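Commentary on secondary and tertiary structure
Given next are the chains, with one letter for each unit.
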Amino acid sequence: METAKRLLSVQNLCVDYLTPTGIFHAVRNVSLDIGQNEILGLAGESGCGKSTIAFSILRMHRPPAFISDGKILFEGEDVLAFSRRRLEAWRWSEASMVFQSAMNSLNPVLTVFEQFRDMLARHEKLGRDAARAKAGEMLAMVGISEDRLDSFPHQLSGGMRQRVVLAMALTLRPRLIVMDEPTTALDVVVQREILQEIVALRKTLGFSVLFITHDLALMAQFADRIAIMLEGRIVEEGEARSLVAEPQHEYTRKLWAAMPRIEGAAA
Amino acid sequence: MTAPLLSLEGVSKTFHVRPVLGAVRRVDALRNITFAIEPGTALALVGESGSGKSTCGRAVIRHFEPSAGTVRFRGENIFENRTRSGDRAYLRAVQMVFQDPFSSLNPTHTIRHHLERPLRLHGGGANIEARLRQTLSDVELDPDTTLEKFPHQLSGGQRQRVSFARALAVGAELIVADEPTSMLDVSIRKSVLDLMRRLKEERNIAFLYITHDIATAHYIAEETAVMYAGQVMERGPSDAVIRNPHHPYSRLLISAVPDPSKRFDANEDDALAFTRQAEAVRAGATQPIAGYREVAPGHFVAYAESDND
Ligand SMILES: Nc1ncnc2c1ncn2[C@@H]1O[C@H](COP(=O)(O)OP(=O)(O)OP(=O)(O)O)[C@@H](O)[C@H]1O
Ligand SMILES: Nc1ncnc2c1ncn2[C@@H]1O[C@H](COP(=O)(O)OP(=O)(O)OP(=O)(O)O)[C@@H](O)[C@H]1O
Ligand SMILES: [Mg+2]
Ligand SMILES: [Mg+2]
């Protein structure tokens, strides 16, 4: 990929966890690029380091995790060197994240609207009415009716909470959205509608996505390129079509073979 | 005929949401739900996000009382004639395994602590060490390396199996499993599903299995019920419901199961057509159900008053 078209470039990233029994190397020398308007899928077994990479990219990793080596460049700028202020302005407005336990990442004592308003007030200085209109519009996009704006998180189903978090991540029109298993609580109809919508939005608005999932079939439908991780390393990377059709690495083939299917269904 | 292990008869649940300002909103989370589960079998609840699946599970573990209808366990209404000893027995017999392996275990306690208490409550203090080890082995966790660990030192799949171990420790007869595998990778998911299968076959444990993963419903559950907007649209033998769905909503749902060969960006018209179809089906499926047609033995499909056949 030409340098000019790159939005994010992770170079030789190493992330370690300090544990009572020593240092655990969770991410080992990982390099990956995400182009402008590109959806990069990241898969691999549980514990291989996917979420650790996601947190590190937004510099949301917390002790005992620390980045011991490598670079993270966003449009050529060194994210690891951002000042606190720059980082806070950058997060959510230029790069946002949908957390793996999105369902539990909402503030339980604030209504849905109040969570939107907090974010909008911090970044866009929108007044109450404008914020309410914006929040309602974003909710409608993920298939939740506007009259849920005054609900508290515990009054929503798991999938509704996940959709609220997705809608919030899209609100400020960031250039990069890191999505760590964003649709685990959605039924397949709503999941497909939302991901189709994201594909369409990316065409009109232009943004890139790092899409982390255990659902390989879904990843093959949604991602442009796919990277497969094993024990902290990327073992294979390529165009989605070719990686699905002709996986090279033995581990990728094993993953594909384990993909759940409806038994006996016509292939 | 003996009573089924669990039955829901016309169960409804309405929530009232009171915003600080503005009018009270009414949410009909469950409308007239009926199904039954026999010992050693599983019923899968699939369907729309927000359709009431978790609410069903929570009614069964008595998180709240239904607004109408009856929930029976071994034929007894679980909300009537309650006694302390009866409540304790029910708490043991019916266990819930939650979706999120991150929040369902107490981070400040070891796995030993999580299992020891239920084991003592259930069978007293005799042979506690041996029973602890056996319970972990039952869910294929290594007692030597697992007992003294804290939840954060285990992977998601290992934590999920600890939750199942806790249900076994108290001697559960029915486990309500609310999306227990949605965050697990394919190999761990398979091992959790195989564990559920073994528990059904070897211990006669029954499951109310709530999931969005239709392939797993087919794999594990004898029966599947499809929910939409608080109502059951279709229910019957899993193979029939999943491979030969009748109701428009079930058809839509099953048609949307991810297929790696169909890319979302391949064809904008396809995407649009899917959205239109989904909207049309949803509009039709919101009406109150007038009754069920039995299209094959045990396979029921809902019809609305406006359906003219
Ligand atoms: N706070 C911590 N202390 C020590 N080790 C940790 C900590 N958090 C994560 N790890 C370890 O780091 C590794 C990578 O974890 P990470 O959460 O990135 O995995 P993942 O690929 O996202 O897995 P999953 O698919 O289960 O979400 C795992 O082996 C995990 O056990
Ligand atoms: N405590 C509550 N107060 C008000 N409304 C509630 C409450 N709990 C659930 N609801 C509403 O009841 C409906 C059904 O929710 P439920 O959690 O059962 O859905 P679900 O089928 O489990 O969905 P998902 O697949 O997204 O988890 C939703 O509209 C939800 O907002
Ligand atoms: Mg993760
Ligand atoms: Mg739910």
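This structure is a prediction, so every number in the text was calculated from the model and none was measured. (Residues numbered from 1 in each chain as written. Chains lettered and ligands numbered in written order. Predicted model: local features only at pLDDT ≥ 70, side-chain atom pairs only at ≥ 80, totals over all residues. Heavy atoms only, no water.)

**Comments concerning the overall build of chain A**
- Within chain A one finds 9 helices and 10 strands.
- For 267 residues, the compact-globule formula gives about 18 Å, and the C-alpha radius of gyration of chain A, at 19 Å, lands near that figure.
- The dimensions of chain A, computed from C-alpha atoms along their principal axes, are 55 × 55 × 45 Å.
- When burial is assessed residue by residue, chain A has 55% of its 267 residues classed as buried. (Helix = DSSP H or I, 4+ residues; strand = E, 2+ residues; numbered from the N terminus. Rg over C-alpha atoms; globule rule 2.2 N^0.38 Å. Buried < 20%, exposed > 50% of the residue type's maximum accessible area, 1.4 Å probe, protein only.)

**Brief notes about a nonpolar patch on the surface**
- On the surface, Leu 18, Ile 23 and Phe 66 of chain A cluster together into a nonpolar patch covering about 270 Å² of accessible area.
- With respect to the helices and strands, Phe 66 of chain A occurs in strand E4 (residues 65-74). (Patch = residues over 30% accessible without salt bridge, like charges linked within 9 Å, V, L, I, M, F, W, Y side chains within 5 Å. Areas by Shrake-Rupley, 256 points an atom, 1.4 Å probe, with all protein chains shown as cover. Salt bridge = Lys/Arg side-chain N within 4 Å of Asp/Glu carboxyl O.)

**Things to note about the pairing of strand E12 (residues 299-304) of chain B**
All names here are of chain B.
- Relative to E12, strand E10 (residues 231-237) is paired through 2 bridges, and the arrangement is antiparallel. Bridge pairing in E12 places Glu 234 opposite Val 301.
- Relative to E12, strand E11 (residues 289-296) runs antiparallel, the two sharing 6 bridges. Bridge assignment links Glu 294 to a residue of E12, and that residue is Phe 300. (Pairing = 2+ DSSP bridges.)

**Side note on the coordination of the magnesium ion (ligand 3)**
- The protein atoms donating to the magnesium ion (ligand 3) are Ser 51 of chain A (OG) and Gln 100 of chain A (OE1), with metal-donor distances spanning 2.0 to 2.3 Å. Placement of the pair is Ser 51 of chain A in helix H1 (residues 50-57) and Gln 100 of chain A in the loop between strand E6 (95-98) and helix H3 (112-124), with a sequence separation of 49 residues. (Donors = N, O, S within 2.8 Å, 3.2 Å for Na, K, Ca; no water.)

**Some remarks on the sheet that holds strand E2 (residues 25-37) of chain B**
Residue and element names in this part refer to chain B.
- Pairing is antiparallel across the open sheet formed by 4 strands, whose spatial order is E2-E1-E4-E5. With partners counted over all chains shown, the strands left at the sheet margins are E2 and strand E5 (76-77), one partner each.
- Strand direction decides the pairing type here: strand E1 (residues 6-17) and strand E4 (residues 68-73), joined by 5 bridges, are antiparallel. Considered in E4, the bridge of Leu 6 is made with Phe 73.

**Remarks on the site of ligand 2**
- Contacts to ligand 2 come from 23 residues, most closely from Arg 148, Gln 155 and Gly 159 of chain A together with Gly 50 and Thr 55 of chain B.
- Residues near ligand 2 are shared among chains A and B, making this a multi-chain site.
- A distance of 2.7 Å separates an oxygen atom of ligand 2 from a polar atom in the backbone of Gly 159 of chain A.
- Isolated, ligand 2 exposes 640 Å² of accessible area, and the fraction of that covered by the protein chains is 94%.
- Sorting the residues of the shell around ligand 2 by element identifies helix H5 (158-171) of chain A together with E1, E2 and helix H1 (53-60) of chain B as the ones contributing at least two each. (Near = heavy atom within 4 Å. Polar contact = N/O pair within 3.5 Å; in protein donor to acceptor, adjacent residues only side chain to side chain.)

**What about the site of ligand 1?**
Residue and element names in this part refer to chain A.
- Ser 46, Gly 47, Lys 50, Ser 51 and Thr 52 are the nearest of the 15 residues found near ligand 1.
- Here an oxygen atom of ligand 1 and a side-chain polar atom of Gln 100 are 2.8 Å apart.
- Isolated, ligand 1 exposes 640 Å² of accessible area, and the fraction of that covered by the protein chains is 72%.
- Split into classes, the residues belonging to the shell around ligand 1 amount to 5 nonpolar, 8 polar and 2 charged. (Nonpolar A, V, L, I, M, F, W, Y, C, P; charged D, E, K, R; others polar.)

**Some thoughts on the packing of aromatic side chains**
Residue and element names in this part refer to chain B.
- Considering all chains together, one arrives at 9 aromatic pairs over all chains under this definition.
- Ring geometry for Phe 73 versus Tyr 90: centroids 5.3 Å apart, planes at 90°, classification edge-to-face. Of this pair, Phe 73 sits in strand E4 while Tyr 90 sits in helix H2 (residues 84-93); the two residues are 17 residues apart in sequence, bridging distant segments of the chain.
- Classification of Phe 73 as buried rests on a relative accessible area of 9%. (Phe/Tyr/Trp six-rings, centres within 6.5 Å; stacked < 30°, edge-to-face > 60°.)

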